[in-house]
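# Structure assessment
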Amino acid sequence: MTMSFEGRVAIVTGAGGGLGRAYALELAKRGAKVVVNDLGAARDGTGHSDAALKVVEEIEAAGGEAMSNGGSVTEYDQMVELVAKAKERWGGVHILINNAGILRDKSFAKMEPADFDLVVKVHLSGSANCTKAVWDTMREQAYGRILMTASSTGLYGNFGQANYGAAKLGLAGLAKTLNIEGAKYNVRVNTIAPVAGTRMTEDLFPPEAFAAFAPEHVAPAALFLVSEDAPSNVIVGAGAGVYQTAYVTMTPGVLLPRDQRTPEGIAAAWERISDRTGEIVPQSGSEQSMAILARLQGK
Ligand code: NAI
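Below is a short write-up of the structure.

Conventions adopted
- Residues numbered from 1 in each chain as written.
- Predicted model: local features only at pLDDT ≥ 70, side-chain atom pairs only at ≥ 80, totals over all residues.
- Heavy atoms only, no water.
- Near = heavy atom within 4 Å.
- Polar contact = N/O pair within 3.5 Å; in protein donor to acceptor, adjacent residues only side chain to side chain.
- Helix = DSSP H or I, 4+ residues; strand = E, 2+ residues; numbered from the N terminus.
- Phe/Tyr/Trp six-rings, centres within 6.5 Å; stacked < 30°, edge-to-face > 60°.
- Lys NZ or Arg CZ within 6 Å of the ring centre and 35° of its normal.
- Axes fitted to C-alpha atoms, helices over the stretch in contact; angles between N-to-C directions.
- Parallel < 35°, antiparallel > 145°, perpendicular 65-115°, else oblique.
- Left-handed = near helix turned anticlockwise from the far one by under 90°.
- Contact = heavy atoms within 4.5 Å.
- Nonpolar A, V, L, I, M, F, W, Y, C, P; charged D, E, K, R; others polar.
- Patch = residues over 30% accessible without salt bridge, like charges linked within 9 Å, V, L, I, M, F, W, Y side chains within 5 Å.
- Areas by Shrake-Rupley, 256 points an atom, 1.4 Å probe, with all protein chains shown as cover.
- Salt bridge = Lys/Arg side-chain N within 4 Å of Asp/Glu carboxyl O.
- Buried < 20%, exposed > 50% of the residue type's maximum accessible area, 1.4 Å probe, protein only.
- Pairing = 2+ DSSP bridges.
- Right-handed = clockwise from strand over helix to strand, strands pointing away.

## Structural notes on the site of the ligand
Surveying the vicinity of the ligand reveals 29 residues, the closest of which are D38, N99, Y164, A196 and T198. Here a nitrogen atom of the ligand and a backbone polar atom of V73 are 3.1 Å apart. The side chain of K168 places a nitrogen or oxygen atom 3.0 Å from an oxygen atom of the ligand. Residue assignment for the shell around the ligand shows that the elements contributing at least two residues are α1 (18–29), α4 (113–141) and α6 (162–182).

In structure tokens, the structure reads:
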């Protein structure tokens, strides 16, 4: 069965190129009305261009419907205005893909605090801004699909990307709580960790790999995660046709007797504490706390 987005209104941030453009084109092809947001910055976040407008022209040339928006995700007021315009023209907003991003790579020793702040501001606060701007609308509609863009750097780390990694894992954390708060309003929140050959990674991939990692191979996972029957609270890795899921797990660990609750006791029990046999994936922080309580009560 074909997955249709007919009647849906979608916002894709940072959709003037790379992954966002691929998502916007595919959503429009499948019937969604798309707000193509992009301030058209360079890779480090400086400057402006009409990148969003060009993607809208591409969508319209293919028979789809779209509007461009040159606002910055770092400006909450501009995101509120973006949502208001989408609602005025199309009556609602059903899908938000938080995709806009920049890089300011440097080893932590050389990283200026300003480069740390800006990367966190664009990725983490920017996604929170856009999400906050659509949140009430989605709750009132009792329908919303939101996708956060994390990264393997956030999940696992990468040299030279302390700012980026902090922001990216922050997004996975943001998704987890919003997923809980949105559940009763049919607002589902997921996270994607893409790998794609774009200008962001152009100096990373050799030319032949660059083609294999085209953004078009990530788009199917992104669309699935914002579709009507999307799962919720998942982290999906996608790149070059490989699709995976990632989990934040916890080992069963040990309940130490009182007299062993010392640094020496932890050292002695370390093997059992870190033994991954029987790992669990708590569905919330409080579920995790309650599980500890149940254990103390011998349940
Ligand atoms: P890209 O550089 O082509 O796309 C990012 C877009 O965001 C650009 O068009 C840029 O103008 C826009 N942008 C930057 N600051 C903005 C702001 N303040 N407001 C609105 N738009 C803004 O890079 P790519 O690869 O397509 O990245 C898309 C997302 O995927 C980013 O969040 C990136 O961190 C993430 N990602 C990409 C990976 C890859 O392998 N390409 C790996 C992991 C994550």
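Structure shown, so let's carry the discussion forward.
## Thoughts on the packing of aromatic side chains
Across all of its chains, the model carries 1 aromatic pair by this definition. Directly above the aromatic system of Y143 lies the positively charged group of R8, at a separation of 3.9 Å from the ring centroid. For the cation-ring pair, R139 lies above Y185, with the distance from its terminal atom to the ring centre recorded as 4.3 Å.

## Quick notes on the packing of helix α3 (residues 76–90) against α4
Between α3 and α4, the shortest axis-to-axis distance is 8 Å and the interhelical angle comes to 40°. Regarding the angle of α3 to α4, the classification is oblique. Between α3 and α4 the crossing geometry is right-handed. Contacts between α3 and α4 involve Y76, M79, V80, V83 and K87 from the former and N129, C130, K132, A133, V134 and T137 from the latter. Among the residues forming the contact of α3 with α4, the class breakdown is 7 nonpolar, 2 polar and 2 charged.

## Concerning a nonpolar patch on the surface
Together, L255, M290, I292, L293 and L296 make up a nonpolar patch on the protein surface, roughly 490 Å² of accessible area in all. Summarising the element assignment, L296 is placed in helix α10 (residues 285–296). A relative accessible area of 55% means that L296 is categorised as exposed.

## Overview of the sheet that holds strand β4 (residues 95–98)
The pairing of strands in a sheet comes from backbone hydrogen bonds and takes either a parallel or an antiparallel form. Strands sit in the order β3-β2-β1-β4-β5-β6-β7-β8 across an open sheet of 8 strands; the sheet is mixed. Each edge of the open sheet carries a strand with a single partner, namely β3 (65–69) and β8 (242–246). Direction aside, the axes of adjacent strands within the sheet are offset by 20° on average. As paired elements, strand β5 (residues 144–149) and strand β6 (residues 187–194) share 6 bridges and run parallel to each other. Pairing of M148 across the sheet is with T191, part of β6.

## With respect to the pairing of β4
Where a strand is regular, its side chains alternate between the two sheet faces. The alternating pattern of β4 places I95 and I97 and L96 and N98 on opposite faces, both of which are buried. Pairing of strand β1 (residues 9–12) with β4, which is carried by 3 bridges, proceeds in the parallel orientation. Bridge pairing links I11 to L96 in β4. For β4 and β5, the ladder comprises 4 bridges, and the chain directions are parallel. Paired with I97 across the strands is L147, a residue of β5. Taken together, β4, α4 and β5 form a β-α-β motif whose crossover is right-handed.

Purely geometric stuff here, so don't read any function into it on its own.
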